[in-house]
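Listed below, chain by chain, are the residues.
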Amino acid sequence: MVTAAKSSTMAADTSSPPPHPPTKVATKPEAENEHAPPSSAEEAAALLGAAIGEARTSSSVTSSANQLPASGHTNPPVGMHSIFVVQSPIPNGMLFIRLCNLRTWLRWHADVMDRASKKDSVEIVEDDNPIAHPFGNKLKTQYPAEQFTAARSILAVLMKLLEVSSAMATSDGNANNVDASPQITTSGKSKMATGSPKQKQHKPLAPLLSTPIRNTWVECISLCLALGSSLPGNLRTDPYTFVNKMLEISNWNPRSKMAAGGVRLAALQVVGRVCSLNIDLAKRTAPYAWEILQCCHKGLLSGGAGEPGHRAACVKTACCVVISCRKVASGVRGGDGADSFSVPGAMEERAVQEGIKFIKRATSDKYPEVRLGAAMFAGLIAPMLIRNIPTGSLSRNGGGRDNEELATPLAWLEEVTQFALKNIDDESAGVATAWASALARCICVSVEHGTSVRDAQSEDQASRRSADVDDEAP
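What you are looking at is a predicted structure, and each value in this text was computed from that prediction instead of being measured.

**Student:** Describe the overall build of the protein, with residues and values.
**Tutor:** Helix and strand counts for the protein come out as 17 helices and four strands. Each of the 474 residues in the protein was classed as buried or not, and the buried ones make up 39%. Taking all contacts inside the protein whose residues are at least 6 apart in sequence as the whole, residues at least 24 apart take part in 74%. Split by element, the accessible area of the protein, about 26,800 Å² in all, is 55% carbon and sulfur.

This is the structure in structure tokens:
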């Protein structure tokens, strides 16, 4: 009996399946290291480059897309709506995380360089506004003011996102692939699907069409330009060449393949961000005010009559250009014009004339977002509309009535004032309020100009009286 029981037990043991091999379970440190933040800006840029390459690979058409998946349920049966089509997600989430990590490091380096420009070294102590490590505790030791030499290489990595976004928007991706999933028929048998337009999968979303990704990318680009503009030799980033390249991209035909995927909008936002980031970049971009305003004017014409996103971005970029010109003019004048509201000569004449044409075009837009930007632009440019008329210019031009009107110092200001009076009763309350503010600024500039003219005349008369008294004295 015992022998029979042993034999039956051995038979059961031999018939039972062998145990599964132990699977490797990720420990807690390994899981944490997988999503750990980068330890430097260079590492953050490397991880971003890997994420961009992953996005490029996911958008390419491969032969495996036409193979039948293991689950066999990629697409819904015939007759179901196309919103239930299943598609593997594009790694835009990871791309956004990598961009945010890189932006944090670039902001930290920019803060260190800003404090280093005031001192030879940055001594960080426990005060109300310490420099904190991007992914750690506050630094309590003395940190040397070193230049950030990796700005140019990081800028090259960031520029790859333009190519990837344009390529993902123009490629058909999975949309041209014939659905290979089985479809259930009335007889209960499955058959391979034929090429039906209703069973096409959706195209992947280009990264720069996402507003958070585009805004973060724009800030990273501008920070790299700011950090690398003061480097020596080949390490320096050239803002002039870069701004010209961005202007060229933003002037592309919106229906061309190169301009797809939010590339034109991203390039336009970069120009505006570079103009208003700091005083150093403002000095470098202010001489390009006319070219930038021309680009914004063309953007208003090529934006179409539909969605106003690109036209609103054109108006915001134009406002940033005016702010940069004001910053440069205030820095040149120093403390003498700190209390002055008007800034004559802050923009060259052709730039001001292009700005007036820009206002005229933007005020005729049917979307309130664009008209609001036009009113803000008019209010910003109003202090710069005082013309510096050279002495004797009327006599050289013949002194006619038309020449006198054109040579009036307040000619440009009167034109913008007429725009404000005409649009102050806009149907949108926000736009009407902005035009009221622009009108008030125009009046303030006119009053200040009249006061300065009267003060100059009184000083001139006083000096003449004193000269006459000196001549009459025995």
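Text resumes after the structure shown.
**Student:** I'd love a proper account of the side chain of Glu219, names of residues and values included.
**Tutor:** In this structure, Glu219 sits in helix α6 (residues 211-228). Here the side chain of Glu219 touches Arg107 through a polar contact of 2.8 Å, side chain to side chain. In this view, Glu219 contacts Arg103, Arg107 and Arg273; residues no more than four positions away in its chain are not counted.

**Student:** Mind laying out helix α8 (residues 263-276), listing which residues take part and the relevant values?
**Tutor:** Between its first and last C-alpha, α8 extends 20 Å over 14 residues, near the 20 Å set by a 1.5 Å rise per residue. For α8, the set of buried residues is Val263, Arg264, Leu265, Ala266, Ala267, Leu268, Val270, Val271, Gly272, Val274 and Cys275.

**Student:** Lay out the layout of surface pockets with the relevant residues and their values.
**Tutor:** In this structure, the largest pocket occupies an estimated 460 Å³ of space. What lines the largest pocket is a set of 20 residues, and nearest its centre among them are Ala312, Ala313, Lys316, Thr317 and Cys320. Elements with a minimum of two residues in the lining of the largest pocket: α8, α11 (309-333) and α13 (368-381). A per-element tally of the lining of the largest pocket places α11 first, with nine residues. Residues that form the lining of the largest pocket fall into these classes: eleven nonpolar, six polar and three charged.

**Student:** So what's going on with the packing of α8 against helix α10 (residues 289-302)? Residues and values would help.
**Tutor:** Where α8 meets α10, the axes come as close as 12 Å, and the angle between the chain directions of the two elements is 150 degrees. The interaxial crossing formed by α8 with α10 has left-handed handedness. Facing α8, whose interface residues are Arg264, Leu268, Val271 and Cys275, α10 presents Ile292, Cys295, Cys296 and Ser302. When the residues that make up the contact of α8 with α10 are grouped by side-chain class, the tally is six nonpolar, one polar and one charged.

**Student:** Help me get a handle on empty space enclosed by the protein, residues and values and all.
**Tutor:** Using the criterion set out here, one finds one cavity of 30 Å³ or more in the structure. Taken as a whole, the largest cavity holds about 30 Å³ of empty space. As for the largest cavity, its lining consists of Ser250, Asn251, Leu268, Cys295, Lys298, Gly299, His310 and Cys314. A total of three residues in the lining of the largest cavity trace back to one element, the largest contributor, which is α10.

**Student:** Kindly report on the nonpolar core, identifying the contributing residues and their values.
**Tutor:** Core analysis: the biggest nonpolar cluster contains 104 residues, and Leu102, Ile154, Leu158, Trp217, Met347, Phe377 and Trp435 have the highest contact counts within it. The element contributing the most residues to this core is α11, with eleven residues. Not counting residues up to four positions away in its chain, the partners in contact with Trp217 are Leu99, Leu158, Met159, Leu161, Leu162, Leu208, Ala266 and Val270.

**Student:** Provide a residue-level description of the environment of Ser364, including the pertinent values.
**Tutor:** Inspection of the secondary structure puts Ser364 in the loop between α12 (349-362) and α13. Residues Ser364 and Asn423, 59 residues apart in the sequence, show an inter-C-alpha distance of 9.9 Å. At a separation of 2.7 Å, a polar atom in the side chain of Ser364 contacts the main-chain carbonyl oxygen of Arg361.

**Student:** Residue-level account of the environment of Ala440, with values.
**Tutor:** With respect to the secondary-structure elements, Ala440 resides in helix α17 (residues 429-472). Along the primary structure Ala440 and Gly379 are separated by 61 residues, whereas in three dimensions their C-alpha atoms are 8.4 Å apart.

**Student:** Run through the pattern of salt bridges, naming residues and quoting values.
**Tutor:** Within the structure shown, the criterion is met by ten salt bridges. Among the salt bridges present, the one from Asp280 reaches Arg284, with a minimum N-O distance of 3.5 Å. A residue pair is termed a helical-turn pair when its members lie 3 or 4 positions apart in one helix, as Asp280 and Arg284 do in helix α9 (residues 279-285) at four residues. Classification of Asp280 by relative accessible area gives partly exposed; the value is 30%. A salt bridge links Asp365 to Arg311; its shortest N-O distance comes to 2.7 Å. Here Arg311 lies in helix α11 and Asp365 lies in the loop between α12 and α13, a separation of 54 residues in the sequence.

Criteria and thresholds
- Counting restarts for each chain, with residues numbered from 1 along the sequence as it is written.
- Local features are withheld for residues below a pLDDT of 70 in this predicted model, meaning they are given only at 70 or higher, and side-chain atom pairs are given and counted only at 80 or more; totals for whole chains, interfaces and linings count all residues.
- In computing side-chain properties, one takes all heavy atoms of the structure into account and sets aside hydrogens as well as water.
- Strands here mean DSSP runs of E at least two residues long; helices mean DSSP runs of H or I at least four residues long; both are numbered from the N terminus.
- Partly exposed residues are those whose accessible area sits between 20% and 50% of the maximum for their type, while under 20% is buried and over 50% is exposed, using a 1.4 Å probe and protein chains only.
- We call two residues in contact whenever any of their non-hydrogen atoms come within 4.5 Å of each other.
- The method behind every accessible area is Shrake-Rupley, applied with a 1.4 Å probe, and residues are considered shielded solely by the protein chains displayed.
- Counted as a polar contact is a pair of N or O atoms within 3.5 Å, where, for protein atoms, one must be capable of donating a hydrogen and the other of accepting one, and residues adjacent in sequence contribute only when both atoms are in side chains.
- Multiplying 1.5 Å by the helix residue count minus one yields the expected span of that helix.
- Grid points spaced at 1 Å over the protein atoms alone were grouped into cavities, where a 1.4 Å probe fits but cannot get out, and pockets, open sets with protein on both sides within 12 Å along at least five of seven lines, with lining residues defined by an atom within 4 Å of a point.
- Grid points are joined across faces, edges and corners, and a volume is the space filled by probe spheres set on the points.
- Classification used: nonpolar for Ala, Val, Leu, Ile, Met, Phe, Trp, Tyr, Cys and Pro, charged for Asp, Glu, Lys and Arg, polar for all others including Gly.
- Where helices are involved, their axes are fitted lines through C-alpha atoms of the stretch in contact, as for all axes, and angles between N-to-C directions lie from 0 to 180°.
- Two helices that cross are described as forming a left-handed crossing if the nearer one is turned anticlockwise from the farther one by less than a right angle, and a right-handed crossing if clockwise.
- Here, nonpolar core means buried Ala, Val, Leu, Ile, Met, Phe, Trp, Tyr and Cys residues that are tied together by side-chain atoms lying within 4.5 Å of each other.
- The term salt bridge refers to a pairing of a side-chain nitrogen on Lys or Arg with a carboxyl oxygen on Asp or Glu at a separation within 4 Å.

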